[in-house]
Amino acid sequence: MNFRQLEVLKTLLATGSTIATARSMGLSQSGVSRLLQQLETDLSLRLFERDKGRLIPTPEAHILARDAETILLGLNRFSGLAEDLRSGAKGPEVVRLGLPSSMWENFAPAMLVDYARDYPTVRIETFFETTSNIARLVEQKVIDFGFLRHEDQVPPGIDMEIVATGTGVCVIPEDHPLTALREITPKDLRGVPLILIGRQRPTRMLLDQTFQRAGVKQNVKIETHTNSSACAYVAHGLGVAILSSFFANLYRHLPIVQRPFVPVTTQDFALATPSGTSSSLAAKALMETLKRQIAISQQQTSAT
């Protein structure tokens, strides 16, 4: 027995003929007759008497039709609920995500505007944190997913999907003499005021070692801990920053210029989700929106 057979029973009782039922359900008349016969066989009950081409419902048909109506309404509600879950109209009350602090100003708003077009009823909670804090929040399942710098050792309890890559760049005020160079080495930065990020972090320690190997003493003017602040300081002429092109690309609306920093370094960025769990459709959709926004943010600046 299936729901199409129940629909035939209900519609036959309402219309009184196989022709009208076929027209209503978008079936052939023979298709209606076949479904009715299958239902009677499955139930081992005669539901209609045949009299000179007419179908006369039995008392049993009327009794079963009442339950058929209830079952069909339940199936319609079930299908509607599934559609709401697909569209985000129903589902989790909130989707929580973690992002680096430097993505709050332009990236996150553009991503959420895009997401809200298809999922207007889903509530979002954003956490702007460091990579280590985002990883901790994912592992503890405080957030549904996070976007963070991918490091060599993946914390336990986290699955990683690399979704972006950046290379080391020098970020320079647009009227600075260093813009005349095609690429910049530590020796080019001798005596230049520097704006450096993340003292004691692995990427910063590697940068310090690069300067040491080149025999160049860094002239650190500002220590900061977000890429966004570093770009803002550069835009105000306070110095030159060295950071990932991924983040520098998010701030090219400022009066700053990028030049490759040599020796070349790369950084991968990943989506992190708790291991052994399945994300909701709303969370998966937000991850896809984030990936689209990543592509947009990097593409817009690839030619500059």
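Look a little higher up for the structure.
Owing to the predicted nature of the structure, the values given are computational and were not obtained by experimental measurement.

One pass over the full model with this rule turns up seven aromatic pairs. A centroid spacing of 5.4 Å and a plane angle of 85 degrees characterise the contact between Phe247 and Phe269, whose relative ring orientation is edge-to-face. Of this pair, Phe247 sits in helix α9 (residues 245-248) while Phe269 sits in strand β11 (residues 266-274), placing them 22 residues apart in sequence. When sorted by exposure, Phe247 lands in the same class as Phe269, which is buried. Taken together, Phe147, Phe246, Phe247 and Phe269 form an aromatic cluster joined through their ring pairs.

Going from Val262 to Pro263, the amide bond is cis rather than trans, its omega being 10 degrees. Positive phi, normally seen in glycine, also occurs at Ser44, with a value near 55 degrees. Mapped onto the elements, Ser44 comes out in the loop between α3 (29-43) and β1 (48-51). A relative accessible area of 63% places Ser44 in the exposed class. In this model, Lys141 sits at a positive phi of 60 degrees, which is unusual for a non-glycine residue. Inspection of the secondary structure puts Lys141 in the loop between α6 (131-139) and β5 (145-150). With a relative accessible area of 51%, Lys141 lands in the exposed category.

Conventions used here
- Residues numbered from 1 in each chain as written.
- Predicted model: local features only at pLDDT ≥ 70, side-chain atom pairs only at ≥ 80, totals over all residues.
- Heavy atoms only, no water.
- Phe/Tyr/Trp six-rings, centres within 6.5 Å; stacked < 30°, edge-to-face > 60°.
- Helix = DSSP H or I, 4+ residues; strand = E, 2+ residues; numbered from the N terminus.
- Buried < 20%, exposed > 50% of the residue type's maximum accessible area, 1.4 Å probe, protein only.

Nothing here speaks to function; it is geometry throughout.
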